[in-house]
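The residues making up each chain are set out below.
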Amino acid sequence: MSDYLAGLNPAQRDAVETTEGPVLVLAGAGTGKTRVLTTRFAHLLLTKRAFPNQILTVTFTNKAAREMRERLHRLLGQPVEGLWLGTFHALCARMLRRFAERVGLTSDFSILDTDDQFRLLKQIMEAAHIDTKRWPANALMTQIQRWKDKGYLPGQIPANESSDFANGKAEALYKAYQDRLKSLNAVDFGDLLLLMVNLLKTDAEVLSTYQRMFRYILVDEYQDTNLVQYYWLRLLAQGHKNICCVGDDDQSIYSWRGAEIENILKFERDFPGAKVIRLEANYRSTAPILAAASHLIAHNEGRLGKTLHPGRVDADGEPVEVVAVWDSEEEARMIASRAESLWRAKHKLSEVAILVRAGFQTRAFEERLMVLGIPYRIVGGLRFYERQEIRDALAYLRLLALPAYDLAFERIVNLPKRGVGEGAMRTVHEAARAMNIPLYAATQKLVAEGGFKGKLRETLRGLLESFARWREELALRGPVVALETLLDESGYLAMWKADKSPEAPGRLENLKELVRALADFETLPQFLEHVSLVTENEDQAGDDKLSMMTLHGAKGLEFDTVFLPGWEEGLFPNQRALDEGGNKSLEEERRLAYVGITRAKHRAIISHAARRKSYAGWQDAIPSRFLDELPENMLRHSGSAQTQPYRQPHMSAGFPVLAKRPARASKIPLGARVFHQKFGYGRVIAVEDDRLDIDFETSGEKRVLDRFVERHDT
DNA sequence: TATCATCGGGTTTTT
DNA sequence: CCCGATGATA
Ligand SMILES: Nc1ncnc2c1ncn2[C@@H]1O[C@H](COP(=O)(O)OP(=O)(O)OP(=O)(O)O)[C@@H](O)[C@H]1O
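Residues numbered from 1 in each chain as written. Chains lettered and ligands numbered in written order. Predicted model: local features only at pLDDT ≥ 70, side-chain atom pairs only at ≥ 80, totals over all residues. Heavy atoms only, no water.

Going by the annotation in an unreviewed UniProt entry, the name recorded for chain A is DNA 3'-5' helicase, with Acidocella aromatica given as the source organism. According to the UniProt record, the Function (unreviewed entry) comment for chain A is "Has both ATPase and helicase activities. Unwinds DNA duplexes with 3' to 5' polarity with respect to the bound strand and initiates unwinding most effectively when a single-stranded region is present. Involved in the post-incision events of nucleotide excision repair and methyl-directed mismatch repair." Under the UniProt heading Sequence similarities (unreviewed entry), the note attached to chain A is "Belongs to the helicase family. UvrD subfamily." (UniProt positions renumbered as here; feature names shortened; annotations may be inferred.)

The structure is reproduced here in structure tokens:
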């Protein structure tokens, strides 16, 4: 009967069986945290403590949610219905749809993608006469997101969290943006959390509905939750306090998205008497891999401290390899050919991964794998629903479903080119504003009342008629037929067919794929919801393919063999991260390295190149400092530059060693008052070449590059 | 209004 | 080097 508990060690079992009260499972990589969470869910069901819909389970990605659903299915021998299992965003969206009117929306509100978000913000900035060259809309988008991560609505931002963006106009712009969203009956990604938390705070009925509904709460990857997510959890768990969070402070890698490791400490504070359970046996990796990872991460300060020892019976293993290669092309050849050998030796390619720091690094490997005919998949990368042609088609669909969705109207009104230009759009905008109606309705009205002249008039009339027809098609014959008809009749397909650029056939293929994807859904709104929330590519996991992804994307996964290329200063640790966040960022980069190494079950192969091709030509590189932080007795060195003492990056010995940046004296003098995009105003307190130590008025002392600041003497 | 040339700017990580 | 944004021309 309790078969499902058999696969657990005593500590894990404790974590599963302590069902009541707050539990924090704090444990290193590969100790079975996710397994604990899944088993705990099964345990709650099988001991009849709760029904599936009374357990709220939060995962970090949609993919992790899917996997957990499958594992549950296997564990219980049958699929489970009515689950509340998903990402924070997906779960909030579901709640918010139900209570949309209470936040001033209707239940069919749209969820903006980043592209629409950007366009909207830019419009708002232009309306406020802000120079978007000097103050990029992107920066404001980030700032607003940061505020939302912390749970601040416009008007609630504390003075020390305010922004110097556009001379202090950021908050007003934030307000304008929120107002505009509301009038569009739309929210952005951050709003899903922000509005829901606010609703829970202000509406006792909604709060108690969910507090009573969810008798147990489970949270995976707790170390990467941000403040607003924490508030959400705290509000929901406040009644019964049956909340179980699992996490690892050494794997916190999303601070740039507002994640706060401090949430781990807050948990014990806000849930007094929380039971903290530590898991120490790592079941994933061989002893050398584990030792290498542990030694590396020990260089971080202020860790919560966890012991980790091999838990596998076959924990002996090969040392971690460190391969020094001459350049990035050799690195690609080396990794591809080693993957090929593994493949020939009957290893599964699905157990091989290449994990990189930044997305662009995958390209070199792709080219090489293609030459050797090795099947691969890129996880993450540019996502299906973010491709231009898909977004265009989606805009048509959105407008079909929601005629008031102005952003979609603007996107497709002249796509394909119909001769509806700036002038015509200005007329439409003015009419819409004057009558306080959506753009689509305004166009209808203008056309009906004899607006526009000649060809333009006919074009718009034709377009409106088409939409009416497509809507009828949608009602009568369903979304798939409607989409096919619309793509054809709008001339959108023809546009790509006529396009003779090399990527056009791929785009047509993607559009076909979109039609196939749509067929899996019953209604158009369901599909649109899916598209808004599931940003990842659906991977056909069955195929035996090598995986390539960023280190961020690899969180929670495991592979037999893991390649970790590009361990060079500047790339990894990433220079920009270092420039922006100093030592804190360095530690986060180190955690990223820790995550990377601990993905490997049997083989970890780290490599670094002496020269790397970049957009500016060949760039010399020095080995990553993280290589120096690995335990020598757990490593095996190899590669064309094997004999070089690459561990002393600052001595030239075989490698052409160049300084990372040319040491250029800064033109900004000591004591100058300066302005920095991110940190605001401050005074220069030290100058070293092109690096400045600045005492910022709002964010304290930071070291930054002089090209990131401008003088602002008063 | 559409199209082409030129310019300048920028590569972190993603729900 | 490759993208997008911008501005002159058909
Ligand atoms: N008690 C156990 N006995 C044997 N294998 C186990 C046990 N617990 C977990 N494992 C295995 O160890 C591996 C790691 O487990 P899991 O992914 O749950 O760890 P995790 O702590 O979530 O890891 P990470 O934080 O690195 O993502 C998995 O392959 C899992 O099946």
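So that's the structure; there's more coming.
Scanning all chains against the criterion turns up 50 salt bridges. A salt bridge links Asp248 to Lys306, with the shortest nitrogen-to-oxygen separation between them at 2.8 Å. You can see Asp248 sitting in the loop between strand 7 (243-247) and helix 12 (262-270) and its partner Lys306 sitting in the loop between helix 13 (287-297) and strand 10 (309-310), a full 58 residues away along the chain. Accessibility expressed as a relative area gives 0% for Asp248, which makes it buried. Residue classification places Lys306 among the buried positions, given a relative accessible area of 18%. The closest approach of N and O atoms between Arg516 and Glu509, which form a salt bridge, is 3.6 Å. (Salt bridge = Lys/Arg side-chain N within 4 Å of Asp/Glu carboxyl O. Helix = DSSP H or I, 4+ residues; strand = E, 2+ residues; numbered from the N terminus. Buried < 20%, exposed > 50% of the residue type's maximum accessible area, 1.4 Å probe, protein only.)

Attention now goes to the site of the ligand. Around the ligand, the surrounding shell holds 18 residues, and the nearest of these are Gln12, Lys33, Thr34, Arg284 and Glu558. Here an oxygen atom of the ligand and a side-chain polar atom of Thr34 are 2.8 Å apart. Interatomic distance of 2.8 Å between a side-chain N/O atom of Arg284 and an oxygen atom of the ligand. Relative to its free-state accessible area of 640 Å², the ligand is covered by the protein chains to the extent of 83%. Here the shell around the ligand gets three residues from one element, more than from any other, and that element is helix 2 (residues 33-46). (Near = heavy atom within 4 Å. Polar contact = N/O pair within 3.5 Å; in protein donor to acceptor, adjacent residues only side chain to side chain. Areas by Shrake-Rupley, 256 points an atom, 1.4 Å probe, with all protein chains shown as cover.)

Glancing now at the UniProt feature "binding site: ATP" (unreviewed entry) in chain A. According to UniProt, the positions carrying the feature "binding site: ATP" (unreviewed entry) are Ala27, Gly28, Ala29, Gly30, Thr31, Gly32, Lys33 and Thr34. You can see Gly30 is positioned in the loop between strand 1 (23-27) and helix 2. With residues up to four places along the chain from it excluded, the contact list for Gly30 reads Ala281, Asn282, Tyr283 and Arg284. Along the polypeptide, Thr34 turns up in helix 2. With residues near it in sequence (within four places) discarded, Thr34 still touches Met68, Arg71 and Asp220. (Contact = heavy atoms within 4.5 Å.)

The next point concerns the protein's contact with DNA strand B. Around DNA strand B there are 28 residues in total, and Arg357, Gly359, Thr535, Thr550 and Arg576 lie nearest to it. The protein-proximal atoms of DNA strand B, defined as those within 4 Å of the protein, are 61% sugar or phosphate. Backbone polar atom of Gly359 to a phosphate oxygen of DNA strand B: 2.4 Å apart, as the coordinates give it. Among the residues forming the surface near DNA strand B, the class breakdown is eight nonpolar, eleven polar and nine charged. (Nonpolar A, V, L, I, M, F, W, Y, C, P; charged D, E, K, R; others polar.)

On to the pairing of strand 7, then. The element strand 7 is largely enclosed, with a buried count of five among its five residues. Neither face of strand 7 is open: one carries Ile243, Cys245 and Gly247, the other Cys244 and Val246, and all of them are buried. The pairing of strand 1 with strand 7 spans four bridges and is classified as parallel. Within strand 7, the position partnered with Val23 by the bridge is Cys244. Bridge count between strand 6 (residues 216-219) and strand 7: three bridges; the pairing is parallel. Bridging across to strand 7, Val219 finds its partner in Cys245. A crossover links strand 6 with its parallel partner strand 7, the connecting element being helix 11 (residues 227-237), and its sense is right-handed. (Pairing = 2+ DSSP bridges. Right-handed = clockwise from strand over helix to strand, strands pointing away.)

On inspection of all chains with the given rule, the structure shows 24 aromatic pairs. Between Phe60 and Tyr254, the aromatic rings sit 4.8 Å apart at their centres with planes inclined by 50°, giving tilted as the arrangement. Within this pair, whereas Phe60 is found in the loop between strand 2 (55-58) and helix 3 (62-76), its partner Tyr254 is found in the loop between strand 7 and helix 12, the two being separated by 194 residues in sequence. Relative to Phe626, the ring of Trp567 lies with its centre 6.3 Å away and its plane at 75°, an arrangement referred to as edge-to-face. You can see Trp567 sitting in the loop between strand 15 (559-564) and helix 24 (575-597) and its partner Phe626 sitting in helix 25 (residues 625-628), a full 59 residues away along the chain. With relative accessibility at 1%, the residue Trp567 sits in the buried group. For Phe626, a relative accessible area of 0% puts it in the buried group. Through a chain of ring-to-ring contacts, the aromatic side chains of Tyr396, Phe409, Tyr440, Phe467, Trp470, Tyr492 and Trp496 assemble into a single cluster. Over the face of the ring belonging to Trp84 we find Arg94, whose NZ or CZ atom lies 3.6 Å from the ring centre. (Phe/Tyr/Trp six-rings, centres within 6.5 Å; stacked < 30°, edge-to-face > 60°. Lys NZ or Arg CZ within 6 Å of the ring centre and 35° of its normal.)

This brings us to the nonpolar core. Counting 124 residues, the largest nonpolar core has Met196, Tyr210, Trp232 and Phe527 as its most contacted members. Looking at which element gives the most residues to this core, the answer is helix 20 (residues 454-489), with nine residues. Not counting chain neighbours up to four residues away, the residues in contact with Trp232 comprise Leu56, Val58, Phe88, Leu91, Cys92, Met95, Leu193, Met196, Val197 and Leu200. Formed by 36 residues, the second largest nonpolar core is a distinct cluster that contains Val320, Leu586, Tyr594 and Phe626. (Core = buried A, V, L, I, M, F, W, Y, C linked by side-chain atoms within 4.5 Å.)

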